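Each chain, written out:
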Amino acid sequence: MPTADAEADMNRGTAAAAPASPNQPPGERAVSALWSFGKCLGALLPVYLAGYYGFSITVILFGLMIYMGWKHSRLEKVMRLKSAVYLLENEREFTAEKVFRTKRDLPPWVNFPDVEKVEWLNKIVQQAWPFVGQYLEKLLVETIAPAIRTSSIHLQTLSFTKVNLGDKALKVLGVKAHTEQDKRQVMLDLYLSYAGDVEINVEIKKYFCKAGVKGIQLHGKLRVILEPLIGDVPLVGAITMFFIRRPKLDINWTGLTNLLDIPGLNSMSDTMIMDAIASHLVLPNRLTVPLVADLHVAQLRSPLPRGVVRIHLLEAEELTAKDTVIKGLIDGKSDPYAVLRVGTQIFTSHHVDSNLNPQWREMYEVIVHEVPGQELEVEVFDKDPDQDDFLGRVKVDLDIVKKARVVDDWFNLKDVPSGSVHLRLEWLSLLSSAERLSEVIQTNQNLTSKTADPPSAAILAIYLDQAHELPMRKGNKDPSPMVQISIQDTTKESKTCYGTNSPVWEDAFTFFIQDPRKQDIDIQVKDDDRALSLGSLTIPLTRLLATHELTMDQWFQLENSGSASRIYIKFVLRVLWLSEDATPTTPSPRPSGSGSGTGHGGITSELNPMGPGGLDKPQPARPQHTTPDPDFASEGVLRIHLVEAQNLIAKDNFMGGMVKGKSDPYVKIRVGGITFRSHTIKENLNPIWNELYEVILTQLPGQEIQFELFDKDIDQDDFLGRFKLNLRDVITAHFIDTWYTLNDVKSGRVHLVLEWLPRVSDLPRLEQILQYQSQKSYQNKVVPSTAVLFVYVERAHGLPLKKSGKEPKVGAEIILKSVSYRTKICERSTSPRWDEAFYFLVRDPRDETLTVKLSHSWGQALGSLTLPLREVLVEPGLVLDSWLTLDGALPESQILLRATLKILDTQLALCRKAPGDEGNDGSGEELVPNWIPSHLDLRHRGGFPIGGDNANTAGQVKLTIGYSMGENRLFITVHACRALAACSKDGADPYVSFILLPDKKATTKRRTATKKRDLNPEFSERFDFDFSLEESMQRRLDLSVKNNVSFMSRERELIGKLLLDLDQIDLKTGVTQWYDLVAEAN
């Protein structure tokens, strides 16, 4: 028995093996000698016991093998941990040394120019690391340990005896920001590396058991998405985090968990831990932390996939021969097969016997959740009876496939002397309409492959939210429900919610659908033993095909269950569409060369037009049209008309306030990160501004419009009040004309006209709007916009070289009048690609011109384009989408862009009757309104009395009633009342109270605040109700305007009532108008 190994202690180093010093006291020398003797005895004891009980020598050898394997694994882990710590501490020296200048060993900020070092962040983390340790210790000792002790009777004596995060903090080796993908989010890739001396010890006193961890390594790329960006603090709606690929994990165990380092168990234990991490933090799983209220966290935690990639594994060429004969003297063949991975999706092809040029002709479909980031990895192996031999690998960035739509190319295999593989990769977009479903199914029937699964025509995303009032188990016990979702031969299971009949799962599933016209969704709700059924539901996919945007998001009544048992599920069907512009002709030819070397895996036909053997490959035809993001041209325009203000506070006082003066008011308006400022009106407490502002906005949750009034002074401007409006209310109402009371001051109100402008493609409407706008004038000289122009710049082709003969770094500048935008600068290429969108407000599209200028790094001109917008006006749908020739460049220089014009159809525009129309008296053109302004606030427009012919009318109430399809809720906004009947000589103290009938328990009863002594009160209060659209239409609004009176008062309480059936209102579009109140009968 090698006692030297037994005596070596890896945590003590060489000092433990040194002999006792003669200067030590006699007692210490005696203890040291006894300890050495005890270790020798312990090493020989198993040999003695084996001989005493007559065990075979095989048992001794087997135990020795386990011990040596454990020892070797432990030493390897310790060395890896020490090396990683040393490398992190001396990163700069390693980077500078010549021996480590291979791409594999350098940190990310050296490999990739767009990855930035963040040493400042590492310094902050290092400084805060001890306090992170304190928080973790408090969390483990005070929260986690008690929870573990109560979970099992065997763990009642568990305790954390030591929690120490050590001195080595988590390091961020680099950060890469992706801001070009979506303007409503910020995407960050954090390259994390942790090689720490963490030490956590656990003890279970009942069983004299100790275990723990001493040292952890974790390396990976964490993606952090900040979305949605909002116009209010904290500017970000939520933070979503996940690893795109599994991080590398290495744990150094101590105590009883040392057994996990035995060969076979070590990989198993690390895999189990990684599986636990992957179930929460590796795609498609995400960790989402909401930062604001009323946010759809489910959409962030389980978003729709970016697309689907159809992989055709066609063939391979010149693979390495691994099945050699006579110890390699005679080359044999290989039995190759391929393993394909995209995230957690893994596929294995069949193997081809004895063939170095195999043909597989297999097809696979993978769901892509994140681009850029996710990669396709193909590994080729030689099938053997014992251990399969490695024949090479290749990686392809799926972002390249998304941009090219179809990649049909040969890829050199890496890490082997020779070999290449032929792949055809197709990017399938997700369509929210079933118009092309029949065409897709017909196309799929013509595809042939050796795989058993036929091509899919669609994908189905299912978000399983919750259930309500499920049946109880026998004995009136709560069930532990789980859900099985089946489509044809595929079944997926949700997690189990223990001990509840109203479970919340929040699970997401995705299914490939071959023909949604013939398939059904089968949902079974069962107890955790899978024996007791709690309910079922069957939904034909044809029902989804008939819905708006192929989406169902609602409660469903369960069959074979309780009468009140319901389940809430969201179904989203998307048709898989291969762009017609991206369909190549024939596959690329095989390379004729050997393809030897380390290879260039990941090079696509777009980047490398030559095959591995150097032969020209036919290039796929250039796309004839752009492929913008589905959210392109979805922005809207908000028009703000600042009319006037009344009863402002006087700030310019004289003689210490004894003489009241005036104020010099102006207004600041903030919306969408833009600030507008009105002009100042001198010495006026009832100023009239008559100014107009316009801003292009993206519809995001939580956006607000902020108004602040100030008194202009020589030194510091005085505050005159403020108020905020929710942009969602304006978008819902489309048009608002009302007064708003100023907050944080004693008096004052502001008159605004707000309009969320509808966007249409009706060209005849343009003339009417231009005629109306010409009649309007505003104090700030603003000419109202008649249209909004959306420009999508995708790519250019055939640009000239620089004067030095090198390829240029191309950027594009897009200009319309005085507004200009710049794209990113692409890497050196004569065919750059930007994929960027911009928008402009247009005053008169008949006279304005769009200019696009291309240059090398904003220096040397490479060509330009002049596009009069009147050319867009003659295009179908007001959309120009094509290649356009550049001026001042080569004859073949072109740019591919899309220009979309949307007419801004203001509701205030008037239509002119054409001469000769019926009803024209010949005295000139008669102006007639094209809409009925029934919801305008006319109290301060002309001094005429507001009243009706009905003598029983007790005033009016202004309401907005609508249904938000995005939030699945009914909303009612009480804006104001007017011309209320007085209840006493002081008027009334009105408030509004209402209930949605039928409602026996009064759960929908709501009321506004009370306005003192005001017969024209303004409330501007919104109330939301979590009803489905069908349930909302079955409700009846019972509204009362009441006078707030004391118990002993003899004043009349009820001012007026309103009864309104909601099925008489178009809830989807929302209605804002004044309603007559009926007075109380005597």
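The structure reproduced in this document is the subject of the present report. These numbers were taken from a predicted model, which means no experiment stands behind them.

## Some points on the overall build of the protein
Point 1. Within the protein one finds 15 helices and 54 strands.
Point 2. Residue burial in the protein is summarised as follows: out of 1082 residues, 45% are buried.
Point 3. Counting only contacts in the protein whose residues sit at least 6 apart along the sequence, the fraction spanning at least 24 positions is 65%.
Point 4. Put simply, the protein shows about 55100 Å² of open surface, and 54% of that area lies on carbon and sulfur atoms.

## Structural notes on the pairing of strand 31 (residues 688–697)
Point 1. Of all 10 residues in strand 31, eight are buried; the element is thus mostly enclosed.
Point 2. Pairing geometry for strand 26 (residues 636–646) and strand 31, over eight bridges, is antiparallel. By the bridge assignment for strand 31, Leu 642 is matched with Glu 691.

## Quick notes on the pattern of salt bridges
Point 1. Scanning the entire structure with this criterion turns up 41 salt bridges.
Point 2. In this structure, Asp 415 and Arg 393 form a salt bridge, with 2.9 Å as the shortest nitrogen-oxygen distance. Of this pair, Asp 415 sits in the loop between strand 16 (406–412) and strand 17 (420–431) while Arg 393 sits in strand 15 (residues 389–397), and the two are 22 residues apart along the sequence.
Point 3. You can call Asp 415 exposed: its relative accessible area is 52%.

## A look at unusual backbone geometry
Point 1. Cis rather than trans, the peptide bond between Glu 227 and Pro 228 has omega equal to -10°.
Point 2. Secondary-structure assignment places Pro 228 in strand 4 (residues 209–229).
Point 3. Of note, the bond from Val 371 into Pro 372 is cis; its omega dihedral lies within 30 degrees of zero at -5°.
Point 4. Notably, Glu 469 is not glycine yet its phi reads approximately 55°, a positive angle.
Point 5. Mapped onto the secondary structure, Glu 469 falls in the loop between strand 18 (458–468) and strand 19 (481–487).
Point 6. Assessed through its relative accessible area of 37%, Glu 469 is described here as partly exposed.
Point 7. Even without a glycine there, the phi angle at Asp 744 is positive, about 65°.

## Observations regarding helix 10 (residues 437–445)
Because each turn of an α-helix spans 3.6 residues, side chains separated by three or four positions end up pointing in the same direction.
Point 1. The set of residues buried in helix 10 consists of Leu 437, Val 440, Ile 441 and Asn 444. The buried residues of helix 10 all sit within an arc of 95° when viewed along its axis, so they share a single face.
Point 2. Looking at the buried residues of helix 10, the elements they touch are strand 8 (307–317), helix 11 (541–545) and strand 25 (566–578).

## Focus on the environment of Glu 1030
Point 1. With respect to the element layout, Glu 1030 can be found in helix 15 (residues 1029–1033).
Point 2. For Glu 1030, a relative accessible area of 52% gives the class exposed.

## Some thoughts on the sheet that holds strand 30 (residues 674–677)
Point 1. One open sheet accounts for four strands, arranged 30-29-32-33; its pairing is antiparallel. Strands at the two margins of the open sheet, each flanked by one partner only, are strand 30 and strand 33 (718–726). Put simply, the sheet's adjacent strands are angled 15° from each other on average, direction ignored.
Point 2. Pairing of strand 29 (residues 665–671) with strand 32 (residues 704–711), which is carried by six bridges, proceeds in the antiparallel orientation.

## As for the sheet that holds strand 14 (residues 375–382)
Point 1. On the basis of which strands lie adjacent, the open sheet formed by four strands has the order 12-11-14-15 and antiparallel pairing. Whereas interior strands pair on both sides, the edge strands pair on one side only; in this sheet they are strand 12 (345–348) and strand 15. In this sheet, adjacent strand axes meet at a mean angle of 15° when their direction is disregarded.
Point 2. In the sheet, strand 14 pairs with strand 15 via eight bridges, with the strands oriented antiparallel. Bridge pairing in strand 15 places Asp 382 opposite Asp 389.

## Overview of the side chain of Thr 960
Point 1. With respect to the helices and strands, the residue Thr 960 is situated in strand 47 (residues 953–964).
Point 2. For Thr 960, the side chain forms a polar contact with the side chain of His 975, separated by 2.5 Å.
Point 3. Within the structure, the side chain of Thr 960 is placed 2.7 Å from the side chain of Thr 1072, a separation counted as a polar contact.
Point 4. Discounting residues that sit within four places of it in the chain, Thr 960 has contacts with Ala 733, Phe 971, Ile 972, Thr 973, His 975, Val 1071 and Thr 1072.

## With respect to the pairing of strand 14
Point 1. Summarising burial for strand 14: seven of the eight residues are buried, a large majority.
Point 2. Taking the residues between adjacent antiparallel strands as the criterion, strand 14 and strand 15 are bridged by six residues.

## So, the side chain of Asn 444
Point 1. Within the secondary structure, Asn 444 is located in helix 10.
Point 2. In contact with Asn 444, other than residues within four places in its own chain, are Arg 310, Pro 455, Ser 456 and Ala 457.

## A few points about helix 13 (residues 763–774)
Point 1. Here helix 13 is 12 residues long and its end C-alpha atoms lie 18 Å apart, about the 16 Å a rise of 1.5 Å per residue gives.
Point 2. Among the residues of helix 13, those classed as buried are Arg 765, Leu 766, Ile 769, Leu 770, Tyr 772 and Gln 773. All buried residues of helix 13 lie within an arc of 160° about the axis, which places them on one face of the element. In this structure, helix 13 carries Pro 764 and Ser 774 as exposed residues pointing more than 90 degrees from its buried face.

## Some thoughts on the packing of aromatic side chains
Two aromatic rings are characterised by how far apart their centres lie and by the angle between their planes.
Point 1. Per the stated rule, a full pass over the model turns up 18 aromatic pairs.
Point 2. Aromatic side chains Trp 555 and Tyr 568 sit 5.2 Å apart centroid to centroid with 80° between the ring planes, which places their arrangement in the edge-to-face category. Separated by 13 residues along the polypeptide, Trp 555 in strand 24 (residues 551–557) and Tyr 568 in strand 25 bring together distant segments of the chain.
Point 3. Ring pairs connect the aromatic residues Phe 994, Phe 1023, Phe 1025 and Phe 1027, which therefore count as one cluster.

## Considerations on a nonpolar patch on the surface
Point 1. A cluster of nonpolar residues, Leu 45, Tyr 48, Leu 49, Tyr 52, Tyr 53, Phe 55 and Val 59, forms a patch on the protein surface that exposes about 790 Å² of accessible area.
Point 2. The dominant element in the nonpolar patch, judged by the number of residues it contributes, is helix 2 (residues 26–52), at four residues.

## Quick look at the environment of Pro 290
Point 1. Take Pro 290: it is sitting in strand 7 (residues 287–290).
Point 2. Since its relative accessible area comes to 39%, Pro 290 is described here as partly exposed.
Point 3. Each C-alpha atom, one on Pro 290 and one on Ala 238, is 4.1 Å from the other, the two residues being 52 residues apart in sequence.
Point 4. In this structure Pro 290 touches Gly 237, Ala 238, Leu 295 and Val 297, once residues within four positions along its chain are discounted.

## What about the environment of His 154?
Point 1. Looking at where His 154 falls in the secondary structure, it is placed in the loop between helix 6 (119–151) and strand 1 (158–164).
Point 2. Distance from His 154 to Lys 206, taken between C-alpha atoms, is 8.0 Å for residues 52 residues apart in sequence.

What counts as what
Residues numbered from 1 in each chain as written. Predicted model: local features only at pLDDT ≥ 70, side-chain atom pairs only at ≥ 80, totals over all residues. Heavy atoms only, no water. Helix = DSSP H or I, 4+ residues; strand = E, 2+ residues; numbered from the N terminus. Buried < 20%, exposed > 50% of the residue type's maximum accessible area, 1.4 Å probe, protein only. Contact = heavy atoms within 4.5 Å. Areas by Shrake-Rupley, 256 points an atom, 1.4 Å probe, with all protein chains shown as cover. Pairing = 2+ DSSP bridges. Salt bridge = Lys/Arg side-chain N within 4 Å of Asp/Glu carboxyl O. Arc of directions from axis to C-beta. Axes fitted to C-alpha atoms, helices over the stretch in contact; angles between N-to-C directions. Polar contact = N/O pair within 3.5 Å; in protein donor to acceptor, adjacent residues only side chain to side chain. Expected span 1.5 Å × (residues − 1). Phe/Tyr/Trp six-rings, centres within 6.5 Å; stacked < 30°, edge-to-face > 60°. Patch = residues over 30% accessible without salt bridge, like charges linked within 9 Å, V, L, I, M, F, W, Y side chains within 5 Å.

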